[in-house]
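# A structural walkthrough
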Amino acid sequence: MEFILEDISEAEVARRRGVYTPLTDTVRDLVDAVIRTEVSEDALDDARRRIAEVVADLRSKQMDGPYGVRHTRQNTGMAWGNAVIGVRNALAPPLDVVHVDDGVRSDFTLGAAYEGPPGCVHGGVCAMLLDHLLGNAASTEGPCYTGTITIRYLRPTRLGALSARAWVTERTGRKLYAKGTISDAEGVTCEAEGVFIVPRSAVDTPAVRWSQG
Ligand SMILES: CCCCCCCCCC(=O)SCCNC(=O)CCNC(=O)[C@H](O)C(C)(C)COP(=O)(O)OP(=O)(O)OC[C@H]1O[C@@H](n2cnc3c(N)ncnc32)[C@H](O)[C@@H]1OP(=O)(O)O
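Keep in mind that what you see is a predicted model, and the values were worked out from it rather than measured.

Thresholds applied
- Residues numbered from 1 in each chain as written.
- Predicted model: local features only at pLDDT ≥ 70, side-chain atom pairs only at ≥ 80, totals over all residues.
- Heavy atoms only, no water.
- Helix = DSSP H or I, 4+ residues; strand = E, 2+ residues; numbered from the N terminus.
- Rg over C-alpha atoms; globule rule 2.2 N^0.38 Å.
- Buried < 20%, exposed > 50% of the residue type's maximum accessible area, 1.4 Å probe, protein only.
- Contact = heavy atoms within 4.5 Å.
- Areas by Shrake-Rupley, 256 points an atom, 1.4 Å probe, with all protein chains shown as cover.
- Lys, Arg positive; Asp, Glu negative; His and termini not counted.
- Charge placed at Lys NZ, Arg CZ, Asp CG, Glu CD.
- Near = heavy atom within 4 Å.
- Polar contact = N/O pair within 3.5 Å; in protein donor to acceptor, adjacent residues only side chain to side chain.
- Expected span 1.5 Å × (residues − 1).
- Salt bridge = Lys/Arg side-chain N within 4 Å of Asp/Glu carboxyl O.
- pLDDT = per-residue confidence, 0-100.
- UniProt positions renumbered as here; feature names shortened; annotations may be inferred.
- Pairing = 2+ DSSP bridges.
- Axes fitted to C-alpha atoms, helices over the stretch in contact; angles between N-to-C directions.

## Focus on the overall build of the chain
Scanning the chain from terminus to terminus reveals 3 helices and 9 strands. Start at the N end of the chain and walk to the C end: the helices and strands fall as β-α-α-β-β-β-β-α-β-β-β-β. On C-alpha atoms alone, the chain measures out to a radius of gyration of 19 Å, which is about the 17 Å that the 2.2 N^0.38 rule sets for 213 residues. Taken along the three principal axes of its C-alpha coordinates, the chain extends 60 × 45 × 25 Å. Burial statistics for the chain: of 213 residues in total, 35% are counted as buried. If you take every contact in the chain between residues at least 6 apart in sequence, the share linking residues at least 24 apart comes to 66%. Carbon and sulfur atoms form 53% of the exposed surface of the chain, whose accessible area is close to 12600 Å². Taking the average place of the 24 positive charges on the side chains of the chain and the average place of its 29 negative ones, the gap between the two points comes to 4 Å.

What follows is the structure in structure tokens.
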């Protein structure tokens, strides 16, 4: 596992972000449209053909493996393929994570693509988002990995506008203990606690700002 130095200026990061964000947003919109469309089957077949042409265009020049986890010399994170925050990943909601006094928080909206129980967020999606946020809160002094995480689902999390927060409660050597919650307008729907480990190899690695994918 290796982080990749992307040796570009902050202005170039912003420029590329401006190119990829609308593309990814449009693909996210496509996912939602496919789930909810009620057009005719002929129209679906036509859509499939046109989408396949776009896929072929994009695949005409492509990197070998995943995007990887990149960072600039200024330690700006470019986890652009990340499943939760990735700028180039239409499967990511994406979360825009903001650092606050006691940890991190994010306000986001989950639509049809994240459904589990009827009208509600899939429990695995809640777990994924909390895993990321707790890990992000614990990674402020360097990268760390989830060792163990426990989720308690207090009540169903309805699709729609949500917010989440996470904070570190304790540090013992390379182990950081963190907690977090997802909330809707009526309050907390699920909560998590976990142990995050700074790998031995990363003890002296500088902290990268991963807030935006
Ligand atoms: C891009 C954005 C970045 C910011 C957000 C990041 C969020 C990412 C969240 C993730 O999804 S990370 C991916 C899921 N996690 C993994 O893939 C981790 C896989 N496991 C490992 O890589 C290693 O097992 C691990 C780094 C967790 C621990 O390996 P070590 O060799 O460093 O552990 P070691 O055996 O030296 O134990 C160190 C301490 O941690 C404890 N420990 C080890 N594994 C543990 C575990 N799994 N759970 C709880 N505690 C654990 C262990 O008991 C010990 O405690 P003590 O110091 O008190 O003795």
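## Comments concerning the site of the ligand
Within the structure, the ligand sits among 15 residues, and D131, T148, R174, K175 and R200 are positioned closest to it. Interatomic distance of 3.1 Å between a backbone N/O atom of G147 and a nitrogen atom of the ligand. Take T148: an N or O atom from its side chain is 2.7 Å from a nitrogen atom of the ligand. Protein chains shield 54% of the accessible area of the ligand, which is 1200 Å² for the free molecule. Mapped onto the shell around the ligand, the elements with two or more residues apiece are α3 (123-138) and β6 (145-153).

## Regarding α3
Relative to the 22 Å expected for 16 residues at 1.5 Å per residue, α3 spans 22 Å between its end C-alpha atoms, a close match to the ideal helical length. Taken as a whole, α3 has its buried residues at V125, C126, L129, L130, H132, L133, L134, G135, N136, A137 and A138. Each element contacted by the buried residues of α3 is listed here: β4 (98-100), β5 (103-110), β6, β7 (160-172), β8 (175-184) and β9 (187-197).

## Comments concerning the pattern of salt bridges
Tallying each qualifying case throughout the model produces 14 salt bridges. A salt bridge links D7 to R73; the shortest N-O distance between them is 3.1 Å. Of the two residues, D7 is situated in the loop between β1 (4-5) and α1 (10-36) and R73 in the loop between β2 (70-71) and β3 (77-78); the sequence distance between them amounts to 66 residues. You can call D7 exposed: its relative accessible area is 51%. Looking at R73, the relative accessible area reads 55%, which means it is exposed. Among the ionic pairs, E12 bridges to R16, the shortest N-O distance being 2.8 Å. Placement of both E12 and R16 in helix α1 is noted, with a separation of 4 residues, approximately one turn of the helix. What you see here is one network of salt bridges that share partners, running through E6, E12, R15, R16 and R70.

## Examining the confidence of the model for the chain
Summing up the model confidence of the chain, the mean pLDDT is 94 and the portion of residues at 70 or higher is 94%. Here the complex is predicted with pTM 0.94, and the ipTM for its interfaces comes to 0.96.

## Let's talk about the side chain of T181
Tracing the sequence through the fold places T181 in strand β8. Filtering out sequence-adjacent residues up to four positions away, T181 remains in contact with L130, S163, A164, R165, W167, V188, C190 and E191.

## Quick look at the UniProt feature "domain: Thioesterase" (unreviewed entry) in the chain
This chain's UniProt record puts "domain: Thioesterase" (unreviewed entry) on residues 119-190. With 22% helix and 50% strand, residues 119-190 has end C-alpha atoms that lie 16 Å from one another.

## Considering the sheet that holds β4
Spatial ordering of the open sheet is given by β4-β5-β7-β8-β9-β6, a layout of 6 strands whose pairing is antiparallel. Each end of this open sheet is capped by a strand with a single partner; those strands are β4 and β6. Averaged over all pairs of adjacent strands, the angle between their axes in this sheet comes to 25°, without regard to strand direction. The pairing of β4 with β5 spans 3 bridges and is classified as antiparallel. Residue V98 lies in a different strand from β5, and its bridge partner there is R105. Lying over the sheet, α3 contacts β4, β5, β6, β7, β8 and β9, oriented at roughly 55° with respect to β9.

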